[in-house]
Amino acid sequence: LGGVIEDAVEQVRPAAQSKTISIGVQPGPGIRLVADQDLLLQLVLNLLDNAVKFTPAGGSVGVSWSLGDGQALVRVSDTGPGISPEHLPHIFERFYRADSARTRAEGGAGLGLSISRWIAEVHGGSISAETVPGGGAAFTVRLRLMG
């Protein structure tokens, strides 16, 4: 799992650097999953790409992984504007965009989080989002440990 996350971080690092956004990686334990590596990479890339996209210049993005409740946990957080409470129940729906003006300027079809949820579910897991007190958003992916 750590290798997949580190690969995703390296892929989004140039976009983050162009906005002077720092990416902090808090390494967790060695976790091996029975999973489709390409799909997991896509899931983490979607979350990191959104975090960079919606974090203002000079902000930061954090990613970590851990074990908890018999699951692998991946957390991606940012110092962006967060997600309004009225949008939280809908952000994993296909084509849903919380701020159409901003997302139109940033690009995207409103599919990334829907795809991320599908990938998590295919792996026996789930994904959730929250607004972080003081600003920003955090996404937590829970993946079933197999074997």
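We now turn to the structure provided with this report. The structure displayed is predicted, hence computed values, not measured ones. (Residues numbered from 1 in each chain as written. Predicted model: local features only at pLDDT ≥ 70, side-chain atom pairs only at ≥ 80, totals over all residues. Heavy atoms only, no water.)

### Some points on the pattern of salt bridges
Considering all chains together, one arrives at three salt bridges under this definition. Note that D49 is salt-bridged to K53, the shortest N-O span being 3.6 Å. One end of the pair, D49, and the other, K53, are both in helix 2 (residues 37-54), four residues apart, so they sit about a helical turn from each other. We note a salt bridge from E130 to R75, for which the minimum N-O separation is 3.0 Å. Highlighted residues: E130 in strand 4 (residues 126-131) and R75 in strand 3 (residues 71-78), separated in sequence by 55 residues. Given a relative accessible area of 34%, E130 falls into the partly exposed group. Of the residues examined, R75 reaches a relative accessible area of 31% and is grouped as partly exposed. (Salt bridge = Lys/Arg side-chain N within 4 Å of Asp/Glu carboxyl O. Helix = DSSP H or I, 4+ residues; strand = E, 2+ residues; numbered from the N terminus. Buried < 20%, exposed > 50% of the residue type's maximum accessible area, 1.4 Å probe, protein only.)

### Some points on the packing of helix 1 (residues 2-18) against helix 2
The contact between helix 1 and helix 2 brings their axes to 9 Å, and the two run at 35°. Between helix 1 and helix 2 the crossing geometry is right-handed. Across from V4, I5, D7, A8, V9, Q11, V12, A15 and A16 in helix 1, the residues of helix 2 making contact are Q37, L40, L41, V44, L45, L48, D49 and V52. Residue classes in the contact of helix 1 with helix 2 are distributed as 13 nonpolar, two polar and two charged. (Axes fitted to C-alpha atoms, helices over the stretch in contact; angles between N-to-C directions. Left-handed = near helix turned anticlockwise from the far one by under 90°. Contact = heavy atoms within 4.5 Å. Nonpolar A, V, L, I, M, F, W, Y, C, P; charged D, E, K, R; others polar.)

### Overview of helix 2
For helix 2, spanning 18 residues, the distance from its first C-alpha to its last is 26 Å, which sits close to the expected 26 Å at 1.5 Å a residue. The complete set of buried residues in helix 2 reads L40, L41, L43, V44, L45, N46, L47, L48, N50, A51, V52 and K53. (Expected span 1.5 Å × (residues − 1).)

### Some thoughts on unusual backbone geometry
Residues other than glycine seldom take positive phi values, yet T20 does so here, at roughly 50°. Although it is not a glycine, D69 adopts a positive phi angle of roughly 55°. Mapped onto the secondary structure, D69 falls in the loop between strand 2 (60-68) and strand 3.

### Notes on the pairing of strand 3
Direction of pairing for strand 2 relative to strand 3: antiparallel, over a ladder of eight bridges. Counted as the bridge partner of L67 is A72 from strand 3. Remark: two residues form the turn of the hairpin made by strand 2 and strand 3, two consecutive strands paired antiparallel; D69 in that turn has positive phi of roughly 55°. (Pairing = 2+ DSSP bridges.)

### Observations concerning the sheet that holds strand 4
Spatially, the five strands line up as an open sheet ordered 1-2-3-5-4, and their pairing is mixed. Each edge of the open sheet carries a strand with a single partner, namely strand 1 (22-26) and strand 4. With strand direction ignored, the average angle separating the axes of adjacent strands in the sheet is 15°. Of the pairings in the sheet, the one linking strand 3 to strand 5 (residues 137-144) comprises seven bridges and is antiparallel in character. What sits directly across from L73, in strand 5, is R142. Each of strand 4 and strand 5 touches helix 4 (residues 112-122); the most contacted strand, strand 4, lies at about 135° to it.

### Section: helix 4
Taken together, the buried positions of helix 4 are L113, S114, S116, I119 and A120. Elements that come into contact with the buried residues of helix 4 comprise helix 2, strand 4 and strand 5. Two residues or fewer after helix 4 comes G124, characterised by a positive phi angle close to 75°.

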